[in-house]
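Remarks on the overall topology
Chain by chain, the residues run as shown.
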Amino acid sequence: MKLLQNMQQHRIRYQHYLLLLCICLLAFWPLSLGIFSVKNDAIHYFLPYRFHISEALRNGEWPFWSPYIYNGNPIMGDMQSGAWNPFVWIFSLAGRYDITLFHIENLLYIFLGGIGMYKLTARLTEHATTSLLIATGYMLSGFMLGGQLINWLAAAAFLPFVLHYYLLVLKQPTLSGSIKTGIALYLLFTAGYPSFFILTGYLMVLLFVVHIIQLVKQQAQYNNALKGLILQQVVIVTVFAALSLPALLAYTDLLPHYARGAGTSYAAAASNAFDPRYFMTALLPATIKSNDLVTATDITCRNIYVGLLPLLLLIAVPPRFNRRTVLLSLLAVFAAFFSMGNLTPVRELCYRFIPLLDTFRHPSQMRLYLILAVLLLTAPSVKRLLDQSLTPVELKRLKVSIWVTTGMLVLAVAFSFSRSSFSGKMLQAGSIRDTIKTFIESVSLADALVLNSLIQLLFLGVLLVWFGKWTKQAKFASFIWIMNQVLMAQLVLPASFVSRVSPAMINANIHASPKGFPVNTTSGSLQENSRDLFSQYAISGIQSFYNKKPGISKVTNSPAFLTQMDQFVQTDKLYAYVASQPMIYLADTIIGLKDTAYLHSDPGCHAAVIDNVVWHSGCSNSDKATLLSMGANTIEIETNTMDSACLVLTQNQYPHWNATIDGKPVTIYNTNISFMSVFVPAGKHQVKFSFEPRMIQKSMYVSGLTMLLIAMILIRQRYRQKSKKA
């Protein structure tokens, strides 16, 4: 009965959530219907990592290590791998992680971004339809349509939740609000791109300082309010830290072992900045794909579209001057200047003087904060438009802005049509599919201007008719808003998000992968196992990530590529020798790095490079090393040798690896620059390599207990609230 009452009370909100889901599925129909797949980084990096994380979990192991990625990789420490993303863990319970689950995860983040923005806008405006439209604008904004980088989408999903709950805590500190803020931060940290967590942290500090200043002005309430506020900050940090503890330890554990761990150069930090020419995407989003417009900005980082009506309203009916407007305006200006990289001093000043802002690239990612600020600035005007409470002067300004925009678009069409080959392409192509394909592959700026302008002119015409003759109903305005966003998304998706590859092709490749961690795939040389490395590259990333054959490659798609591995792939002679061997082999000769010229001198002997060790045993073709079992974090080998030998395991050496021979601990030697070996005595022996990050294992109990405690507290709080209402 109480559940039914609660559903009735929040009926409109739930209806809008369902509508947001429908809009998301409609706008991103190539993914939701399984017709086309995502592309580029999405399938070359993010999908393979999630696949191997899922394989470890489904094998009953923690996703600490992957033996297949780059000859062994500590995926637990890669901030972008998804190893600590709870959604990846949950999806892994549903089945083997494939492109279908990957698409669902993408759509989930886009939808959650809409829900978070709805809640944030509803808190600021207390108007359901306004919240729906602002949420739609955010969900189908230029940032979301960039796609490819799923952790950017995850950051966009949880940013509104963090701000929503934190603003609630600042307004009225409560235990449940603080816990929810901590949870939202945890999700932002573990699922999103690291820079968004850093930037959001600074934004929260700014909001806290502004609130403290406001409290100082209210001296009578200052002391009591400050105590409660500080207590809630402690709760937020504690909840976040306890939930994120395994990820925090794993990330800091990896930092000394890869190049970006020590920060990045300013040249790298300023790379992939937002090109100011793409401010035209605020009105014409399809201009992101123009073959004749040379730019260093990646296609995923060129779009700032938030809708046609929001832009017109922001110009014609700016928000009233108050503290919120000032803060949002400052955020928008700062984000715009930061996103442009070297074109303004903001990025460099932040890089030089603000901690942690020297650790990431892509200034263009600040578009997310620009889009969020612009939409929230527009929200009050949207509410007044829907309520028909605009003044005659404001209505006149809105109509003027529509006519001015119409004139600009007409001029754009007139100026660009003669330079466009749009009509010629339409005549040359055969079927509709061929027409679209031809246009997308060879679109020019003039083509994009003509197409976008004509579509926007159509929507402006509908708006003018609505203002002139029709009854100004909120539902019709909402329909125009949503349809404009959905249609504009269709012009952008093929360029920035969706490929022309069928998900079925990718899934066929993934599902052909052997289940678990088979031992019968390691017999060939690393080079032989890598012979198909590029055959499916354009379809589903690196082939050896899926065929479960330990291979070798100089191709690197991971930002957390180990420094020692980078040194190894640049040592050509040693690389060629290791590639000619299987993943495990017995070496009877130890040489120094300077002696790599002798690696191939005696085909009957096998060598390994170990610094400060010179050793030789008799060469014997009867010596054997057999792989008994392999998992995500353990490798067991049986050796049978006539004399003592060096067992080489071509898995990257990394802290937390332990080795035993017949159950007794032995020393692991750094071998062939990046890998591992142990010395085994003559005879038959069992060798076991185990990857055991003990502190991280223990921290997972802390995280699990915290989740349980939080669930109990929130359930108790919910029960008490219902009891009070009853």
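Thresholds applied
- Residues numbered from 1 in each chain as written.
- Predicted model: local features only at pLDDT ≥ 70, side-chain atom pairs only at ≥ 80, totals over all residues.
- Heavy atoms only, no water.
- Helix = DSSP H or I, 4+ residues; strand = E, 2+ residues; numbered from the N terminus.
- Rg over C-alpha atoms; globule rule 2.2 N^0.38 Å.
- Areas by Shrake-Rupley, 256 points an atom, 1.4 Å probe, with all protein chains shown as cover.
- Lys, Arg positive; Asp, Glu negative; His and termini not counted.
- Charge placed at Lys NZ, Arg CZ, Asp CG, Glu CD.
- Phe/Tyr/Trp six-rings, centres within 6.5 Å; stacked < 30°, edge-to-face > 60°.
- Buried < 20%, exposed > 50% of the residue type's maximum accessible area, 1.4 Å probe, protein only.
- Pairing = 2+ DSSP bridges.
- Axes fitted to C-alpha atoms, helices over the stretch in contact; angles between N-to-C directions.
- Expected span 1.5 Å × (residues − 1).
- Contact = heavy atoms within 4.5 Å.
- Polar contact = N/O pair within 3.5 Å; in protein donor to acceptor, adjacent residues only side chain to side chain.
- Salt bridge = Lys/Arg side-chain N within 4 Å of Asp/Glu carboxyl O.
- Core = buried A, V, L, I, M, F, W, Y, C linked by side-chain atoms within 4.5 Å.
- Parallel < 35°, antiparallel > 145°, perpendicular 65-115°, else oblique.
- Left-handed = near helix turned anticlockwise from the far one by under 90°.
- Nonpolar A, V, L, I, M, F, W, Y, C, P; charged D, E, K, R; others polar.
- pLDDT = per-residue confidence, 0-100.
- Patch = residues over 30% accessible without salt bridge, like charges linked within 9 Å, V, L, I, M, F, W, Y side chains within 5 Å.

**Notes on the overall build of the protein**
Helix and strand content of the protein: 27 helices and twelve strands. Computed over its C-alpha atoms, the radius of gyration of the protein comes to 29 Å, within 12% of the 27 Å expected for a compact globule of 726 residues. On the principal axes, the C-alpha backbone points of the protein span a range of 95 × 70 × 55 Å. Surface exposure of the protein reaches about 31100 Å², of which carbon and sulfur atoms provide 63%. The averaged location of the 32 negative side-chain charges in the protein is 21 Å from the averaged location of its 56 positive side-chain charges.

**A few points about the packing of aromatic side chains**
Inspection of every chain in the model, using the stated rule, returns 36 aromatic pairs. Both rings, one in Tyr 17 and one in Tyr 118, keep their centres 5.4 Å apart while their planes meet at 80°; by these two values the pair is edge-to-face. Remark: Tyr 118 occurs in helix H6 (residues 99–125) and Tyr 17 occurs in helix H2 (residues 11–27); sequence separation between them is 101 residues. With a centroid separation of 5.8 Å and an interplanar angle of 20°, the aromatic rings of Phe 87 and Phe 158 are classed as stacked. Of this pair, Phe 87 sits in helix H5 (residues 86–94) while Phe 158 sits in helix H8 (residues 150–171); the two residues are 71 residues apart in sequence, bridging distant segments of the chain. A relative accessible area of 17% means that Phe 87 is categorised as buried. Through a chain of ring-to-ring contacts, the aromatic side chains of Phe 143, Trp 152, Tyr 193, Phe 196 and Tyr 369 assemble into a single cluster.

**Thoughts on the sheet that holds strand S11 (residues 675–680)**
Pairing is antiparallel across the open sheet formed by four strands, whose spatial order is S1-S7-S11-S10. For this open sheet the edge positions go to strand S1 (584–587) and strand S10 (669–671), each flanked by a neighbour on one side alone. The mean angle between the axes of side-by-side strands here comes to 35°, regardless of whether they run parallel or antiparallel. Examined bridge by bridge, S10 and S11 share three bridges and lie antiparallel to one another. Its bridge partner being in S11, Tyr 669 is matched across the sheet by Ser 677.

**Re helix H14 (residues 323–339)**
Taking 1.5 Å per residue, 17 residues should reach 24 Å; H14 reaches 24 Å between its end C-alpha atoms and fits that length. Along H14, the residues that are buried comprise Thr 325, Leu 328, Leu 331, Ala 332, Ala 335, Ala 336, Phe 338 and Ser 339. Along its buried surface, H14 packs onto helix H10 (194–217), helix H15 (346–353) and helix H16 (367–386). For H14, the N-terminal cap is Asn 322; the gap from its side-chain oxygen to the backbone nitrogen of Arg 324 is 3.2 Å.

**Here's the deal with the sheet that holds strand S3 (residues 607–609)**
Overall, mixed pairing links the three strands, which are arranged S3-S2-S4 in an open sheet. Two strands close off the open sheet at either side, each with one partner strand: S3 and strand S4 (615–616). Where strand S2 (residues 589–591) meets S3, three bridges bridge the pair, whose relative direction is parallel. If you follow Ile 590 over to S3, its bridge partner there is Ala 608.

**As for the pattern of salt bridges**
Following the criterion strictly, the structure yields nine salt bridges and no others. With a shortest N-O distance of 2.6 Å, Arg 384 and Glu 394 are connected by a salt bridge. One end of the pair, Arg 384, is in helix H16; the other, Glu 394, is in helix H17 (residues 392–417), and ten residues separate them in sequence. The same class applies to Arg 384 as to Glu 394, namely buried. Put simply, Glu 692 and Arg 694 hold a salt bridge, and the shortest N to O gap is 2.7 Å.

**Structural notes on the pairing of S11**
Remember that side chains alternate between the two faces of the sheet whenever the strand is regular. Counting buried positions along S11 yields five of six residues, so the element is predominantly enclosed. Two elements, strand S7 (residues 645–649) and S11, share five bridges in a ladder whose sense is antiparallel. Residue pairing for S11: Ala 645 is matched across the bridge by Val 680. Count of turn residues in the S10/S11 antiparallel hairpin: three residues, of which Asn 672 carries a positive phi of about 50°.

**Considering the nonpolar core**
Formed by 227 residues in total, the largest nonpolar core has its most connected members in Phe 28, Trp 84, Tyr 138, Phe 158, Tyr 369, Phe 568 and Phe 689. Looking at this core, the element that brings in the most residues is H8, giving 16 residues. Apart from the residues lying within four places of it in its own chain, the contact partners of Phe 28 are Leu 107, Ile 110, Met 139, Leu 140, Leu 145, Leu 493 and Phe 497.

**Describing the packing of H8 against helix H9 (residues 175–191)**
Relative orientation of the contacting elements H8 and H9 amounts to 165°, with a least axis distance of 8 Å. Taken together, H8 and H9 sit at an angle that is classed as roughly antiparallel. Read as a crossing pair, H8 and H9 show a hand that is left-handed. For the pair H8 and H9, the contacting residues are Asn 151, Ala 154, Ala 155, Phe 158, Leu 159, Phe 161, Val 162, Tyr 165, Tyr 166 and Val 169 in the first and Gly 177, Ser 178, Lys 180, Thr 181, Ala 184, Leu 185, Leu 187, Leu 188 and Ala 191 in the second. Among the residues making up the contact of H8 with H9, the classes are represented as 14 nonpolar, four polar and one charged.

**What to know about the confidence of the model for the protein**
Low pLDDT means the predicted coordinates in that region are not meant to be read closely. The pLDDT averaged across the protein works out to 88; a share of 91% of its residues lies at or above 70. In the model, residues 1–5 has pLDDT below 50 throughout and makes one contact with residues more than four positions away in sequence or in other chains. Contacts for the low-pLDDT stretch residues 532–541, under 50 throughout, to residues beyond four places or in other chains number 26 contacts.

**Describing the environment of Ile 198**
Take Ile 198: it is sitting in helix H10. Overall, the relative accessible area of 13% leaves Ile 198 in the buried class. Residues Ile 198 and Thr 359, 161 residues apart in the sequence, show an inter-C-alpha distance of 9.8 Å. If we skip the residues at most four places from it in the chain, Ile 198 touches Leu 356, Leu 357, Thr 359 and Phe 360.

**Things to note about a nonpolar patch on the surface**
A grouping of Leu 18, Leu 21 and Leu 25 is seen on the molecular surface, where their side chains present a nonpolar patch of about 240 Å² in accessible area. With respect to the element layout, Leu 18 can be found in helix H2.

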